[in-house]
Amino acid sequence: MFRPDGSPAVSSFTPEDWHVLAGFWYPVGFSAEVGSRPVAGRLLDVPLVLYRTGGGITVAADYCPHRGTKMTLGRLEGGEIVCKYHGLRFDGAGTCTRIPGSPDMTPPRRLDLVTFPVMERYGLVWTCLKGSSDQPIPDWPELVDPAWQRIKMDAVWETGAGRHLENFCDTAHFSFAHAATFGWPDRPEVEPYAVEETATGLRFQLMTPQQDGSLFQGQPNFADLLSEYDVYLPFTARLILHFPRGDEHIFDIVAPLSAGRSRIFMLKARDHDLDQPVDEWIDFQKTVNEEDRAMVESQVPAALPLDAKAEGHLPSDRFSIAYRRRLQGLGLTGGAS
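To start, this report covers the structure provided alongside it. Just so we're clear, the structure is a prediction, and the values are computed from it rather than from any experiment.

1. Considerations on the layout of surface pockets
Its volume calculated, the second largest pocket comes out at about 410 Å³. Contributing to the lining of the second largest pocket are 21 residues, with E166, N167, D170, Q299 and D317 lying nearest its centre. Contributing elements (two or more residues each) for the lining of the second largest pocket: α2 (161-168), α4 (279-296) and α5 (318-329). Grouping the constituent residues of the lining of the second largest pocket by class yields seven nonpolar, eight polar and six charged.

2. Observations regarding the sheet that holds strand β15 (residues 222-232)
Pairing between the strands of a sheet is mediated by backbone hydrogen bonds and can be parallel or antiparallel. Across the sheet, which stays open at both edges, the seven strands sit in the order β12-β18-β17-β16-β15-β14-β13 with antiparallel pairing between neighbours. The open sheet is flanked by β12 (149-157) and β13 (196-197), the only strands paired with a single partner. Strand contacts of α4: β12, β17 (246-258) and β18 (261-270), with the helix running at about 25° to β12, the strand carrying the most contacts. Sitting on the sheet, α5 is in contact with β13, β14 (201-211) and β15, with an inclination near 155° to β14.

3. Remarks on the pairing of strand β2 (residues 39-43)
Burial along β2 is one-sided: the residues V39, G41 and L43 are buried and none of A40 and R42 is. Across five bridges, the pairing between β2 and strand β3 (residues 46-53) is antiparallel. Residue pairing in the sheet places V39 in a bridge with L50 of β3. Hairpin connection from β2 to β3: two residues lie between these consecutive antiparallel strands, with L44 at a positive phi of about 50°.

4. Focus: the pattern of salt bridges
On inspection of all chains with the given rule, the structure shows 21 salt bridges. Put simply, E142, E196, R203, D230 and R238 are held in one network by salt bridges that share partners.

5. Describing unusual backbone geometry
Cis rather than trans, the peptide bond between L233 and P234 has omega equal to 0°. Locating P234 in the fold gives a position in the loop between β15 and β16 (236-243). Of note, the bond from V300 into P301 is cis; its omega dihedral lies within 30 degrees of zero at -5°. Mapped onto the elements of the fold, P301 is located in the loop between α4 and α5. At L44, a residue that is not glycine, the phi angle is positive and equals roughly 50°. Since its relative accessible area comes to 0%, L44 is described here as buried. One non-glycine residue, D45, lies in the positive phi region at around 70°. Mapped onto the fold, D45 is located in the loop between β2 and β3.

6. Some thoughts on empty space enclosed by the protein
Applying the stated rule across the entire model yields three cavities of 30 Å³ or more. Considered as a void within the structure, the largest cavity measures approximately 180 Å³ in volume. Surrounding the largest cavity, 16 residues form its lining, F13, F235, A303, L304 and G334 being those nearest its centre. Looking at the lining of the largest cavity, the elements with two or more residues in it are α1 (15-21) and α2. Its residues assigned to classes, the lining of the largest cavity comprises 11 nonpolar, four polar and one charged. Estimated volume of the second largest cavity: approximately 110 Å³. W25, Q135, P138, L233 and T236 are the residues nearest the centre of the second largest cavity, which is lined by 13 residues in total. Within the lining of the second largest cavity, the residues separate by chemical class into 11 nonpolar, two polar and no charged.

7. What about the packing of aromatic side chains?
Across all of its chains, the model carries 10 aromatic pairs by this definition. With 4.7 Å between their ring centres and 50° between their planes, W140 and F251 make a pair best called tilted. Residue W140 is located in the loop between β11 (124-127) and β12, and its partner F251 is located in strand β17; the two are separated by 111 residues in the primary sequence. Using a relative accessible area of 0% as the deciding quantity, one classes W140 as buried. We classify F251 as buried; its relative accessible area is 0%. Every member of this aromatic cluster is reached through a ring pair, and the members are F168, Y193, F204, Y229, F319 and Y323. The residue whose ring lies beneath R187 is W184, and the NZ or CZ to ring-centre distance is 4.9 Å.

Cut-offs applied
Throughout this description, residue numbers start from 1 for each chain and increase along the sequence as written. It should be noted that, the model being predicted, local features are given only for residues of pLDDT at least 70 and side-chain atom pairs only at 80 or more, the latter also being counted only at that level, while totals for whole chains, interfaces and linings use all residues. Side-chain figures throughout are based on the complete set of non-hydrogen atoms in the structure, without hydrogens or water. The method works on a 1 Å grid over the protein atoms by themselves. A cavity is a set of points holding a 1.4 Å probe that cannot get out, a pocket is an open set with protein on both sides within 12 Å along at least five of seven lines, and residues with an atom within 4 Å of a point line them. Grid points are joined across faces, edges and corners, and a volume is the space filled by probe spheres set on the points. Numbering of helices and strands starts at the N terminus; helices are DSSP runs of H or I of at least 4 residues and strands are runs of E of at least 2. Gly counts as polar in this scheme, as do all residues outside two lists: the nonpolar Ala, Val, Leu, Ile, Met, Phe, Trp, Tyr, Cys and Pro, and the charged Asp, Glu, Lys and Arg. Each pair of strands is called paired provided DSSP finds at least two bridges between the two strands. Pairs of residues are marked as contacts when any of their non-hydrogen atoms sit within 4.5 Å. Axes here mean lines fitted to C-alpha atoms, for a helix over just the part in contact, with angles spanning 0 to 180 degrees between N-to-C directions. Think of it in three bands: residues with accessible area under 20% of the maximum for their type are buried, residues over 50% are exposed, and the middle band is partly exposed, with areas taken using a 1.4 Å probe on protein chains only. We define a salt bridge as a side-chain nitrogen of Lys or Arg found within 4 Å of a carboxyl oxygen belonging to Asp or Glu. Ring pairs shown here join Phe, Tyr and Trp side chains whose ring centres sit within 6.5 Å, with only the six-membered ring taken for Trp; geometry is labelled stacked below 30 degrees between planes, edge-to-face above 60, and tilted in between. Geometrically, a lysine NZ or arginine CZ counts as sitting over a ring once it is within 6 Å of the ring centre and also within 35 degrees of the ring normal.

And the structure:
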């Protein structure tokens, strides 16, 4: 299951990249998903089991140390998770508490589950496979302020996490990939913008021409909107859209399942239209995301190339160039095993 250095025995990442990426927090599920049954998760090629006891949620490697059976096949009983194969029981700390076939035996510690730290924040279950991280989970007060309306969604894309994050922060594709939703086909130009390095990533802002019928009595029209992007390395971003009627925050949090597969957690918050149902808001975002999916899943290679010579670059790619350099600065190569 694991090599002596803690990395998975089978991985789509190079060992060097895996160890760098394992040192960050990622969401592996929604808190509300984890209830009366074990829930399967995955992160950086490590299969996970999420389960809830009286002490909260546990995230562990999805295998029983006895004979390697998936713990997600088991059940929860009496505040413990029970292996379906031989009935071994484990508490919220992952400690093996009982071996039914040898009830008088004190379970050795080698039979304990491999567990990882857990934090519940913004309705998400976060974990760090390295056990600790120098970069904390970002502080986003809008996601806990009751004055803001919030929604959440997720999807699995057949692409690398870097590809998805870069697409989320790319504005040059709006007039083309999103012409049917919010893009302005007659305004493909991207204004010059500056990218600022921050302690946790990158930041930039620019005016983006966007369609928004709700600004014009329900009739489709276009306006230049101030768009602010904050990127938190390696694969998280927040976009703030400053509409005349209020602000909307979109949080794009990408968990790398493997080098070429990602689970995208998208959270949104707004301080306007609070009396409106969220169904249309959700459906619109899903439509936009599917427009992006068609482009991003077709990109080759699926993993984001970090070598500056691997792909061509344009003036509008100023963020992309800076982002790839920052990933390299973490020690990543972008390679796959």
